[in-house]
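Architecture at a glance
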Amino acid sequence: MPRDFLTTADWSRAELDALLDAAARFKRGADRAKPLAGRSVALVFFNPSLRTRASMQVGIYELGGQAVVLEPGGTSWTLEHRAGVVMDADKTEHVREFVRVLGRYCAAIGVRTFAALQDWQEERTDPVLAAFARHSAVPIINLESAMHHPCQALADMLTIREKLGSERKRVLLTWAWHPKPLPMAVPNSFALAAAQVGHDLTIAHPPGYELDEELIREINSRTFDAGATVRVTDDVDEAFDGAQVVYAKSWGSRQFYGAAQDDIEQRAQYRADWIVDEAKMARTDGAIFMHCLPVRRNVIVTDAVIDSPRSVVIDEAENRLHVQKAVLARLSGGEG
Ligand code: CP
């Protein structure tokens, strides 16, 4: 079993299934173990959050522990992550000391560090998260990095399983128009996890909004291993045909990475068509509608769809709590 929870790619299908089983037990109240009794978990937020922060704090409490929430540059010192730099600018503390100090107090460290949307070749390596993992003596939990949001993806897989059963489903990940470019962690992790658990996956996006090539190769490989299929299309209507799950998310173009205004001008042409509305949902096989939240209503998805009985976005958000308890329990030595 991996020591950290950085991406689902590090965990086998059997290990992911075990986490989902454990999450389901927590959710139905069948597991009331307190593996964090008398222990603390640090939660390091470089970026804002509602769901991740609240569900982690509540989950740690419910497992018997307490959360120590830190915001570098706010409630804790500004942090440098690069090796060998002369720290004579605005960064006060290095990750090397930060994580080793926290490791003396805490059983695990969760970290949220979004993409800066400046330099794709650097950010695709998840440099801040990697520095945490490299220098930490205790498990690191990715609470959304530049490339991955594995806790969200695990909650998404639990939600699909609860709503539609464990068998293979036809799952659509669709890009949606948004007024500005957003990071790719959520679509990356959703597509990867869906492939790992064996769903037939369609990824729909306009030309120029391709996901990372190496990640797509990984998704193809995992889909093949699971005996499932994956296809990519730029036909936003046909993509919905027969889908059982519709997962909407916007993301930025790698072509215009670091040039937000160019991306904004490029994406303007997709504003009218790339929204999840009732007409598109009518083409599906009674699909559930999913989004990680926060979501811009009547931009990504119409009110009629997100407020319909097919929308499972609140259950999805609830499931963040249960899957993260499973991850925390597993990484802290419990059954999980
Ligand atoms: N989905 C998600 O991670 O939500 P927050 O950004 O509010 O944590």
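Scroll up to find the structure this text is about.
To start, this report covers the structure provided alongside it. (Residues numbered from 1 in each chain as written. Predicted model: local features only at pLDDT ≥ 70, side-chain atom pairs only at ≥ 80, totals over all residues. Heavy atoms only, no water.)

**Looking at helix H2 (residues 51–62)**
Formally: Numbering of helices and strands runs from the N terminus; a helix is a DSSP stretch of H or I covering at least four residues, while a strand is a stretch of E covering at least two. The span expected for a helix works out to 1.5 Å for each residue beyond the first. Residue exposure (1.4 Å probe, protein chains only): buried if accessible area is under 20% of the type maximum, exposed if over 50%, otherwise partly exposed. What the arc describes is the spread of directions from the helix axis to the C-beta atoms. Whether two residues are in contact is decided by their heavy atoms: any pair within 4.5 Å suffices.
In a regular helix each residue adds 1.5 Å, so twelve residues correspond to 16 Å; H2 covers 16 Å between its end C-alpha atoms and thus fits that length. Three or more residues of H2 are buried, namely Arg 51, Thr 52, Ser 55, Met 56, Gly 59 and Ile 60. For H2, the arc enclosing every buried residue in end-on projection is 140 degrees, short of the 170-degree limit, so these residues lie on one face. The inward-facing, buried residues of H2 contact strand E1 (40–45), strand E2 (66–70), strand E5 (108–112), strand E6 (140–142) and helix H12 (313–331). Of the residues flanking the end of H2, it is Gly 64, one or two places downstream, whose phi is positive at about 95 degrees.

**Here's the deal with the site of the ligand**
So the rule is basically this: If a single non-hydrogen atom of a residue is within 4 Å of a molecule or strand, that residue counts as near it. Here a polar contact is taken to be a pair of N or O atoms separated by no more than 3.5 Å, where protein atoms must pair a possible hydrogen donor with a possible acceptor and residues adjacent in sequence count only if both atoms sit in side chains. Only the protein chains shown count as cover for residues, and the accessible areas themselves come from Shrake-Rupley with a 1.4 Å probe. Under the scheme applied here, ten amino acids are nonpolar (Ala, Val, Leu, Ile, Met, Phe, Trp, Tyr, Cys and Pro), four are charged (Asp, Glu, Lys and Arg), and all others, including Gly, are polar. Marked domain ranges trace back to an automatic or database domain assignment.
Surrounding the ligand, one finds Ser 49, Leu 50, Arg 51, Thr 52, Arg 112, His 149, Gln 152, Cys 292, Leu 293 and Arg 320. Between the ligand and Cys 292 there is a distance of 3.0 Å, counted from a nitrogen atom to a backbone nitrogen or oxygen. Here the ligand has 260 Å² of accessible area as a free molecule, and 93% of this is covered by the chains. Of the residues assigned to the shell around the ligand, the class counts are three nonpolar, four polar and three charged. Shared between two domains, the shell around the ligand takes at least three residues from each, and those domains are domain 1 (8–148 + 319–331) and domain 2 (152–316).

**Examining the packing of helix H3 (residues 95–105) against helix H5 (residues 127–135)**
Rule in force here: Between N-to-C directions, angles span 0 to 180 degrees; the directions come from axes that are lines fitted to C-alpha atoms, helices contributing only their stretch in contact. Here roughly perpendicular refers to angles of 65 to 115 degrees, roughly parallel to angles under 35, roughly antiparallel to angles over 145, and oblique to all remaining angles. By convention, the crossing between two helices is left-handed when the near helix turns anticlockwise from the far helix through less than a right angle, and right-handed when the turn is clockwise.
Where H3 contacts H5, the two axes come as close as 9 Å, and the packing angle between them is 50 degrees. Classified by the angle between their axes, H3 and H5 sit oblique to one another. Note on packing geometry: the crossing formed by H3 with H5 is right-handed. Residues Val 95, Arg 96, Phe 98, Val 99 and Arg 100 of H3 lie in contact with H5, whose contacting residues are Ala 131, Phe 132 and His 135. By residue class, the composition of the contact of H3 with H5 is five nonpolar, one polar and two charged.

Worth remembering: the numbers are spatial, not functional.
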